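# Fold and geometry: a report
If you want the building blocks of each chain, they are given just below.
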Amino acid sequence: MRTTRIHVAQALAQGRQLRLPDQTAEHLVRVLRLRTGARLVLFNGDGYDYEAVILAADRREICVRVERRILQNRESHLPLTLAQGMARGEKMDLIVQKATELGVQRIVPLITERCEVKLDAHRAQKRLAHWCAIAISACAQCGRTRLPTVEPIKPLATWLDTLENHAQLRLALLPEASQQIGNLSVTAAGATIAVGPEGGFADRDVMALRSAGFYALRLGPRILRTETAGWAALVALQALHGDLY
């Protein structure tokens, strides 16, 4: 039977009793039909799973008791950042979801020259909260116990100015590049992968990336869509240097 995993933004410890949030309680009771005595797993992003039992349940409230803390080892030893040019519609949702499942530590939504998504400050904040919720849901599904960081939307130039980890390999996915992923030398510092939006990186974007130390990388002979390219790079890096054996 599949274990129900729930994220809670609270401190957890063996023996603690707590009330789950209303929305979570409604989902567990009305959708999953869990009742008193049912077991579930809680996580809060600290690297542990917490086995718990439901003490009382109705449609408005679920109270649980934490029974055991379990250290999990599901995080990749290869630190990976995905810097993604903003994509339209639900594509960004899928990108965040799949990048989380593939073990990425950081996701940076970027505004580039050819980006067609325009958001004011209020909508950008709402979109960020939405992506964070998607990452949490993906962690609950795939078993991760640490949440990836989803950064606020940034212009490409602003983001490049903030980069500090010089030991990390910097890669920009460009169809015209000659460098292939199998020839890369990746250290324990990991890699940052920059992916353009639907129209790809413009010339000025490419110049800025190169000036910031990014190497152009080609993912095979086919041109991949923006929502595919980042996943493909993450899978390849995890398979060659990470935890996809």
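In case you missed it, the structure is sitting above this.
Residues numbered from 1 in each chain as written. Predicted model: local features only at pLDDT ≥ 70, side-chain atom pairs only at ≥ 80, totals over all residues. Heavy atoms only, no water.

The element strand S6 (residues 80-85) is largely enclosed, with a buried count of 6 among its 6 residues. What you see with S6 is no split at all: Leu80, Leu82 and Gln84 on one side and Thr81, Ala83 and Gly85 on the other are buried throughout. In terms of strand pairing, S6 meets strand S11 (residues 191-195) through 5 bridges, oriented parallel. Counted as the bridge partner of leucine 80 is alanine 191 from S11. Here 5 bridges tie S6 to strand S7 (residues 106-111), and the two strands are oriented parallel to one another. Following the sheet pairing, leucine 82 is matched in S7 by isoleucine 107. (Buried < 20%, exposed > 50% of the residue type's maximum accessible area, 1.4 Å probe, protein only. Helix = DSSP H or I, 4+ residues; strand = E, 2+ residues; numbered from the N terminus. Pairing = 2+ DSSP bridges.)

With that settled, consider the sheet that holds strand S3 (residues 39-43). With mixed pairing, the 5 strands of this open sheet are ordered in space as S1-S3-S4-S5-S2. Each edge of the sheet is formed by a strand with only one pairing partner; in this case those strands are strand S1 (5-7) and strand S2 (17-19). Mean inter-strand twist for the sheet, computed between neighbouring axes without regard to direction, equals 40 degrees. Sheet topology note: the S2/strand S5 (residues 62-71) ladder contains 3 bridges and is antiparallel. Looking at the pairing, leucine 18 lines up with valine 64 of S5. Running over the sheet, helix H1 (residues 22-31) touches S1, S2, S3, strand S4 (48-57) and S5 and is turned about 90 degrees from S5. (Axes fitted to C-alpha atoms, helices over the stretch in contact; angles between N-to-C directions. Contact = heavy atoms within 4.5 Å.)

Attention shifts here to the environment of threonine 36. Secondary-structure assignment places threonine 36 in the loop between H1 and S3. Residue class for threonine 36 comes out exposed when judged on its relative accessible area of 52%. Residues threonine 36 and alanine 208, spaced 172 residues apart in sequence, show a C-alpha to C-alpha distance of 57 Å. Discounting residues that sit within four places of it in the chain, threonine 36 has contacts with Ile54, Leu55, Ala56 and Ala57.

Bringing empty space enclosed by the protein into the picture now. Under the defined criterion, the tally for this structure stands at 1 cavity of 30 Å³ or more. Its boundaries defined by the atoms lining it, the largest cavity holds a volume of some 30 Å³. For the largest cavity, the full set of lining residues is Ala172, Leu174, Val206, Leu209, Arg210, Phe214, Tyr215 and Ala216. Listing elements by their share of the lining of the largest cavity, those giving two or more residues are helix H5 (203-211) and strand S12 (215-217). (1 Å grid on protein atoms, 1.4 Å probe; cavity = no way out; pocket = protein on both sides within 12 Å on 5 of 7 lines; lining within 4 Å. Points joined across faces, edges and corners; volume = space filled by probe spheres on them.)

Let us look at helix H6 (residues 226-241). Between the first and last C-alpha of H6 there are 23 Å, a value that for 16 residues agrees with the 22 Å anticipated at 1.5 Å per step. Restricting attention to buried positions, one finds in H6 the residues Thr226, Glu227, Ala229, Gly230, Ala233, Leu234, Ala236, Leu237 and Gln238. Where H6 is buried, its residues meet S6, helix H2 (91-101), strand S10 (169-173) and S11. (Expected span 1.5 Å × (residues − 1).)

A few words on the packing of aromatic side chains. Taken as a whole and judged by the stated rule, the model has 2 aromatic pairs. Plain terms: the ring middles of tyrosine 48 and tyrosine 50 are 6.3 Å apart, the flat faces sit at 55 degrees to each other, and that makes the pair tilted. Look at tryptophan 159 and phenylalanine 214: their rings are 5.9 Å apart centre to centre, the planes differ by 55 degrees, and that puts the pair in the tilted class. Highlighted residues: tryptophan 159 in helix H4 (residues 156-162) and phenylalanine 214 in the loop between H5 and S12, separated in sequence by 55 residues. The same class applies to tryptophan 159 as to phenylalanine 214, namely buried. Note that arginine 5 overlies the ring of phenylalanine 43, its terminal NZ or CZ placed 4.4 Å from the centroid. (Phe/Tyr/Trp six-rings, centres within 6.5 Å; stacked < 30°, edge-to-face > 60°. Lys NZ or Arg CZ within 6 Å of the ring centre and 35° of its normal.)

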